[in-house]
Each structure stands twice: as C-alpha cells, then as structure tokens.
Amino acid sequence: MMQWSHVLSDLVLSAAGLLATWICFQFLSGRVASSRATFLIPVSLAALFGALRFAGIHDSMKTVSEVFQLVATTLGSCGLILGAYALVSSKPVSTRIYFFFVAAGILLFFLVLFQDLGTIRRQLPVAAMFMMIIFGLVAIPAGKAGVGYWLLLGVGLSAAAQWSLGNMPSQAMGIDVFHYVLAGSLVCFALAGRSASWSGA
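Counting of residues starts from 1 at the beginning of each chain's written sequence and follows it residue by residue. For a predicted model such as this one, the threshold for reporting local features is a pLDDT of at least 70, and the threshold for listing and counting side-chain atom pairs is 80 or more; totals across whole chains, interfaces and linings nevertheless cover every residue. To obtain the side-chain values, all non-hydrogen atoms of the structure were used and water was disregarded.

Visitor: Got a minute to help me understand the overall build of the protein chain in this structure?
Guide: Helix and strand assignments follow DSSP, with helices taken as H or I runs no shorter than four residues and strands as E runs no shorter than two, numbered in order from the N terminus. When you go through the protein chain residue by residue, the secondary structure sums to seven helices and zero strands. When the helices and strands of the protein chain are listed from N to C terminus, the series reads α-α-α-α-α-α-α. Only C-alpha atoms enter the radius of gyration, while the globule expectation follows 2.2 Å times N to the 0.38, with N the number of residues. Against the 2.2 N^0.38 benchmark of 17 Å for 201 residues, the protein chain shows a C-alpha radius of gyration of 16 Å, consistent with a compact globule. Each principal axis of the C-alpha distribution contributes one length, and for the protein chain these read about 50 × 35 × 30 Å. Counting all 201 residues of the protein chain, 46% fall into the buried class. Sequence-distant contacts in the protein chain: of pairs separated by 6 or more residues, those separated by 24 or more amount to 73%. When a residue's accessible area, from a 1.4 Å probe over protein chains only, is under 20% of the maximum for its type it is buried; when over 50% it is exposed; and in between it is partly exposed. Throughout, a residue-residue contact means that at least one pair of heavy atoms, one from each residue, lies within 4.5 Å.

Visitor: Help me understand helix α3 (residues 60-89), please; the structure alone is not making it clear to me.
Guide: Residues spaced three or four apart along an α-helix point in a common direction, a consequence of the helix completing one turn every 3.6 residues. Take the residue count of a helix, subtract one, and multiply by 1.5 Å to get its expected span. When the terminal C-alpha atoms of α3 are compared, their 42 Å separation across 30 residues agrees well with the 44 Å that a helix rising 1.5 Å per residue should span. Helix geometry: α3 is bent most strongly at G76, by close to 40°. One or two residues past the end of α3 sits S90, with phi positive at roughly 60°. Note that the bend at a residue is defined as the angle between axes fitted to the seven residues ending at it and the seven residues starting at it.

Visitor: Hey, could you run me through the layout of surface pockets in this one?
Guide: Taking a probe equal in size to a water molecule and rolling it over the atoms shows the remaining empty space. For the largest pocket, the calculated volume is near 1,100 Å³. The distinction between a cavity and a pocket rests on a 1 Å grid over the protein atoms alone: a 1.4 Å probe fits inside a cavity but cannot get out, while a pocket stays open yet meets protein on both sides within 12 Å along at least five of seven lines, and a residue with an atom within 4 Å of a point counts as lining. Around the largest pocket, the lining comprises 35 residues; the ones closest to its centre are Q69, T73, Q162, F178 and L182. If you list the elements that add at least two residues to the lining of the largest pocket, you get α1 (4-27), α2 (30-54), α3, α5 (118-139), α6 (145-164) and α7 (171-195). Among the elements that make up the lining of the largest pocket, the one with the highest residue count is α3 (nine residues). Here the lining of the largest pocket is built from residues that sort into 21 nonpolar, eight polar and six charged. Grid points are joined across faces, edges and corners, and a volume is the space filled by probe spheres set on the points. Under the convention adopted here, Pro, Cys and the residues Ala, Val, Leu, Ile, Met, Phe, Trp and Tyr are nonpolar, Asp, Glu, Lys and Arg are charged, and Gly plus all remaining residues are polar.

Visitor: Whenever I open this one, empty space enclosed by the protein confuses me. Can you help?
Guide: Applying the stated criterion across every chain yields a total of one cavity of 30 Å³ or more. Lining the largest cavity we find S35, T38, L75, C78, G79, L82, Y98, F101 and V102. Mapped by element, the contributors of at least two residues to the lining of the largest cavity are α2, α3 and α4 (95-115). No other element matches α3, which puts four residues into the lining of the largest cavity. Each residue belonging to the lining of the largest cavity can be placed in one class, and the counts come to six nonpolar, three polar and no charged.

Visitor: What should I look at first to understand the nonpolar core in this one?
Guide: Side chains of a nonpolar character, in soluble globular proteins, are inclined to be buried together. Residues grouped as a nonpolar core are buried Ala, Val, Leu, Ile, Met, Phe, Trp, Tyr and Cys residues, joined through side-chain atoms within 4.5 Å. Core analysis: the largest hydrophobic core is formed by 46 residues, its most contacted members being M132 and L151. At eleven residues, the largest contribution of residues to this core is made by α3. With sequence-adjacent residues up to four places away left out, M132 is seen in contact with L80, A84, L151, V155 and F189.

Right, dumping it as structure tokens:
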C-alpha cells in the first residue's frame, strides 16, 4: 500500500542529505568534507530507499534502508565527530587520524550488524550529538560563532526530530515530522562547514 506522505517526506530528507553533501564538498577540504559525508550520504540513501518502500516498490527496500541507517549511526557518527572537531580546531585532518576514524566507524558497523549490540547502536548517536554540542559551545567564544550556532541548531533539530516520533497525534504524522525536521538538521550541519573561515588540507 502506497503511503504518499511518507514518500514525499523521505524524498525531501534524501534531497536535503544530497544538498548538504554538496555544500560540504564546495566549502571544506576533502578529508573534512568526506568525513561529514559518511553521515550525510547514508542518511540520504536510507531516506531514498525508505521512499521506495513507502511507495510499495518491494519489501526488501525496508532492509536496504535499515542498513544505510546503521551505516549513518556507526560510521556516520564517527565522521560527524571528526568533522566538527576539524571545523572548530582549524587544524588539518591528518591521513592517520582520518583513517583511524573511518576504521573505527566500519568496525562499529560490523560489530552492531553481526553481534546485535543494541546498546552501542542507541548510545553512539547520543555521544556524537553530545560532542557536537561541546564543539558548538567551544566554537562561539573561539571566534567561530557561525560554526557554533549552526552546529547547535543542527543538534537541536536532530533532537526535535527524535522527539517527534513518539509525541505526535499519530504515528504517521510523527514519521513525516521526523523526516522534515531531520532534513533541516542535515542542512544546518552543512552550513556549519560553510561558515567556517578555514579550508584546510
């Protein structure tokens, strides 16, 4: 059965993820942009396959979407932390540090995928958002107010999106609100990069 409101909201979320990725690669260095893309692209793909699922294409679309959600939760969380640190510190991301975070994210992905470590899956995004708040608060007095405010707004919208899932008049409305608000969060994270005065190596 087609659920057109969910199809539309998922497509908006997918488009927001692609737009945010494009912004990052326009204004940030390759390593910093790609570290943030490890979160943005999986979210975008998860939303795209979610839209296909709600359009009634095939039940397997749900599984594909859930895999990309897991990638965003694990690898993407590591990438968000590294990317936010780079924006605030104004230091180039070394190859060693970059691949350490990527390897850690991939390891976490396979651990959660095959060991069903629900605690890690639930707590890792919380830890990533907490670190984003810290980086945002540090950025403001450090002369990078734009970076800090966009990071904090992104975290706030992400929290609001999660809250909406269980606090709307209906589950269907909660899903749509979640998609739209999360789309705004992704764009905020990208605009934090656009606001950075540094474009390191």
